[in-house]
Structure formats: C-alpha cells, structure tokens
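Residues per chain are reported as follows:
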Amino acid sequence: MHHAIAGKTFRVLKTIPVIAAPSGWVESAHDTITDAVYAGVRAGGSALLALAAGVERSRARAGAPPASGERGLRNALNAAFGDRLDAAGNTLAIPLQLLFAGRPVLADAAALRSLSPRVAVWLHGLGCDERSWSRPGPAWDDADEAAQGADYGALLQAQEGFSAVYLRYNTGLAITDNATELGTQLAQLLAAAPQVRELALIGHSMGGLVARVACEQASAAQAAWVPRTSMIICLGSPHQGAPLEKLGRLASVAMGVSEVTRPLARLADSRSRGVKDLRHGLGAAATSAAIPLRLVSGSLAGESGGLAGRLVDRALGDGLVRHPSAADHGLGGDVQRAELRGVGHMGLLRHPKVYALIRDWLRQPRPPAGA
C-alpha cells in the first residue's frame, strides 16, 4: 500500500520536466529504504512467531500447562492462520485431540477403561477450545448450586450417564480435514474402548459442521463407528454459511479493484481455510441426514420483540449466524429444529434452555443401527 500511494505521487512528479530526473532519484532511494524497513518488520514478526513456538516447545517438554491468556492467543492464531502454521510444522499449530478429564483419552488406558457405554463428544467453534463449554453464564443464576458450577458435559454425565469427551482442534484447517481426522480418532476410540455402544456428537458453530462432515465421510466409507452414532446436535452452526464471512469476501473483492487497497485485499484473502469454509457452510453437500440430526438456532430478539425484534432476527439471527442457515430447512431425513429467542451465538454454549433440549433429545434417541 505504501508503494502504491507513493507511486501515484512520483508518477505525477516525473511528468514535470524540471524535476522529473530528481524525482526518479528520490523515488529510487525511497523504495530502497521502504523495502528495507518492511523487510525488517517481516523478519521481526517471523522471529517473534518462532520465539513463541520455542516457548511452546519448552513448556510442553516441562509439562507446564499454558496460561489462559496464552491459550486464547494460540486459539486466535490458529483460527486466523492455522492452516499455514500446520503446513509449516509450527509448534503453535493445535493438533486434533479427544480429551477426557482434561487429558488426551487415546493415550490414557485408564481413561479409556473408565468411559461409560454412552459417550457425548463436544466440539467447540472457531477460535475456541474445550474451555468454551464451561464459561459461566448469567442465565444459570437461578439454577441450583450443582448446575451453576457444571457445563453441559458434566450435567449430562451426572444425569444421563454420558461420559464427556471434548474435542480440541485447529479451527484454521479446512473443515473436511478436521472431519477426516475426527473420524480416524473416533474409530480408534471405539476400537480401544469396546464397551462404548453409543456416541452423540454435539457441536457449537463450526463444531457442528465438523461433526456433520465427519459422519458423512464415515457413512460413505462404511466406518464401524457410524452405526454407534445415535445423534448429531448442532448449536448455531452455519450450515448455509455465515454472513460475516460472506461480507468479508465481498469486501476483499471490492478492495481488489483499487491499486491502493489491493494489498489489503491480499491481506484479507490470507485468512485461514477454516474461516473461508464458513462462507457457504455445507451448502447443498447433503440433502438428507443419514444420522438423526437436531438443529438449534439462537436469536438476539426476545420473546416479545414485536416488529423491531423480527427485523433484528431476520438481519442478525444470533449475532453471527442467521436462522435460515442454522435451521437448514432444505435438509430432509430425521431432522428436528428448535429456535431459542433471546439467546445469542455464544450464549448457546451456556444456557439452561439449550441444555434442556440436548438432554431431552438424548433421553429417547433412535436406537443406533446395529445395536
């Protein structure tokens, strides 16, 4: 951008006969200095990222858990550039893991043995991790003390006997890539824990898309874990795309028209594959649900929002995903939908109404095929 703006000025100056030659000399010196400065900035940024990766490796070797702020920054970096971090083999790239009681379950024989016959797998959304399910919410203020201190997974485990397994993954990778790895690890989980007879996949936002794609891939491949999957529950998932990513794409195209803003367009286009996948969601990839599917959409409008509330709901939905996308009305098969008014996108992670839906749906699910 700097070069584009300066170039416009120098092109005008070089049309003036008296100062054309000096302007060319100044432009040459300007470009040399500018290139050196920005090269230094890029080198500094790369060095900082390499230093952060080194710190991460040192922490991992020492067994020290990262602080909350560090994990949040790492999640954000993976959401924005996770595909590049993974391709470069950078330690900051988050590997996909299934966690039970905070530890990778596939590497813990005792944890595998302790899983109950019913397992719920919880999949977080973009830029988050498994902690997103346990953040407190004011909607639980009137709940009993036990419910206030527990997340959906802990409550479902206590009330319905579902062991809570949490997925942690790099949200900057393509949804299909995460889905493939999830399918692989679910197959390994069931092979190592044969007592598990039922799986339920509950995903928030992007997590719901990963769950759906994993099941579609596994169904096509006739994977052994698919018959044990009783239900997929998606909370605010952009099945038909997210408006912010669609706007981001339009803005990128618009900025590419001008020479001055074209560098910003290239910067915008450098966002991760995972983020870009949210532009269209799953689109028309699936027309019928092979596994019972339950879709929850939120809404910023309250129960009695009137005309203003309906306009807000139509334009913004839950703040990030609109109702038509979250409800995916074009999808057939065993599909049930619920809309919760007054519950925003992140509120879907921690609201008693959402938990009640999850619990009630899983209390009497359709028996898994082959059970």
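Just so we're clear, the structure is a prediction, and the values are computed from it rather than from any experiment. (Residues numbered from 1 in each chain as written. Predicted model: local features only at pLDDT ≥ 70, side-chain atom pairs only at ≥ 80, totals over all residues. Heavy atoms only, no water.)

Within the protein chain one finds 14 helices and 8 strands. The buried share of the protein chain, reckoned over its 371 residues, is 45%. Of all intrachain contacts in the protein chain linking residues separated by at least 6 positions in sequence, the fraction that spans at least 24 positions is 79%. (Helix = DSSP H or I, 4+ residues; strand = E, 2+ residues; numbered from the N terminus. Buried < 20%, exposed > 50% of the residue type's maximum accessible area, 1.4 Å probe, protein only. Contact = heavy atoms within 4.5 Å.)

This part is about the packing of helix 7 (residues 175-192) against helix 8 (residues 206-220). For any two helices packed against each other, the geometry comes down to the angle between their axes and how far apart the axes lie. Put simply, helix 7 and helix 8 touch, their axes get as near as 8 Å, and they point 60° apart. In terms of orientation, helix 7 lies oblique with respect to helix 8. The interaxial crossing formed by helix 7 with helix 8 has right-handed handedness. Facing helix 7, whose interface residues are Ile-175, Thr-176, Asn-178, Ala-179, Thr-180 and Leu-182, helix 8 presents Met-206, Leu-209, Val-210, Val-213, Ala-214 and Gln-217. Considered class by class, the residues forming the contact of helix 7 with helix 8 number 8 nonpolar, 4 polar and no charged. (Axes fitted to C-alpha atoms, helices over the stretch in contact; angles between N-to-C directions. Parallel < 35°, antiparallel > 145°, perpendicular 65-115°, else oblique. Left-handed = near helix turned anticlockwise from the far one by under 90°. Nonpolar A, V, L, I, M, F, W, Y, C, P; charged D, E, K, R; others polar.)

The subject of this paragraph is the confidence of the model for the protein chain. Confidence along the protein chain averages 84 in pLDDT terms, with 78% of residues attaining 70 or more. Within the protein chain, helix 5 (residues 145-148) has the poorest average pLDDT of any element, 55, and strand 3 (residues 118-123) the best, 98. (pLDDT = per-residue confidence, 0-100.)

Time to look at the side chain of His-351. Following the sequence through the fold, His-351 ends up in the loop between strand 8 (332-341) and helix 14 (352-363). There is a polar contact of 3.1 Å between the side chain of His-351 and the backbone nitrogen of Lys-353. If sequence neighbours within four positions are ignored, His-351 has contacts with Ala-139, Trp-140, Tyr-152 and Val-343. (Polar contact = N/O pair within 3.5 Å; in protein donor to acceptor, adjacent residues only side chain to side chain.)

Turning to the pattern of salt bridges, a few remarks are in order. All chains considered together, the criterion is met by 14 salt bridges. Salt-bridge contacts for Arg-103 lead to Asp-108; the nearest nitrogen and oxygen are separated by 3.0 Å. The exposure class of Arg-103 is partly exposed, given its relative accessible area of 43%. A relative accessible area of 16% places Asp-108 in the buried class. With a closest N to O distance of 3.1 Å, Arg-212 and Asp-328 form a salt bridge. You can see Arg-212 sitting in helix 8 and its partner Asp-328 sitting in the loop between helix 13 (323-327) and strand 8, a full 116 residues away along the chain. Each member of the pair Arg-212 and Asp-328 is classed as buried. Bridged by salt links that share partners, the residues Arg-71, Asp-129, Glu-130, Arg-131 and Arg-168 form one connected network. (Salt bridge = Lys/Arg side-chain N within 4 Å of Asp/Glu carboxyl O.)

Among the nonpolar cores identified, the biggest contains 44 residues, and Leu-98, Leu-115, Val-121, Leu-182, Leu-186 and Trp-225 are the most heavily contacted of them. Beyond its immediate sequence surroundings of up to four residues, Leu-186 is in contact with Leu-98, Val-121, Leu-199, Leu-201 and Trp-225. One finds Trp-122, Leu-155, Leu-235 and Leu-340 within the second-largest nonpolar core, a separate group that totals 27 residues. (Core = buried A, V, L, I, M, F, W, Y, C linked by side-chain atoms within 4.5 Å.)

Turning to the packing of aromatic side chains, a few remarks are in order. This model, assessed by the stated rule, comprises 4 aromatic pairs. On the basis of an interplanar angle of 25° and a centroid distance of 6.1 Å, the ring pair of Tyr-152 and Tyr-355 is categorised as stacked. Taken together, the residues span a long stretch of sequence, with Tyr-152 in helix 6 (residues 152-160) and Tyr-355 in helix 14 at a distance of 203 residues. Using a relative accessible area of 4% as the deciding quantity, one classes Tyr-355 as buried. One aromatic cluster is present, built from ring pairs that chain together Trp-122, Trp-133, Tyr-152 and Tyr-355. (Phe/Tyr/Trp six-rings, centres within 6.5 Å; stacked < 30°, edge-to-face > 60°.)

Before going further, it helps to examine the side chain of Ser-205. Within the secondary structure layout, Ser-205 lies in the loop between strand 5 (198-204) and helix 8. Judged by its relative accessible area of 10%, Ser-205 is buried. There is a polar contact of 3.1 Å between the side chain of Ser-205 and the side chain of His-345.

The next subject is the pairing of strand 3. For strand 3, the tally of buried residues reaches 5 of 6 residues, placing the bulk of the element in the interior. As paired elements, strand 3 and strand 5 share 6 bridges and run parallel to each other. In the strand pairing of strand 5, Arg-118 is matched with Glu-198. (Pairing = 2+ DSSP bridges.)

In this section: the environment of Met-206. By the secondary structure assignment, Met-206 is in helix 8. We classify Met-206 as buried; its relative accessible area is 0%. The sequence separation of Met-206 and Gly-127 amounts to 79 residues, and the corresponding C-alpha distance is 9.6 Å.

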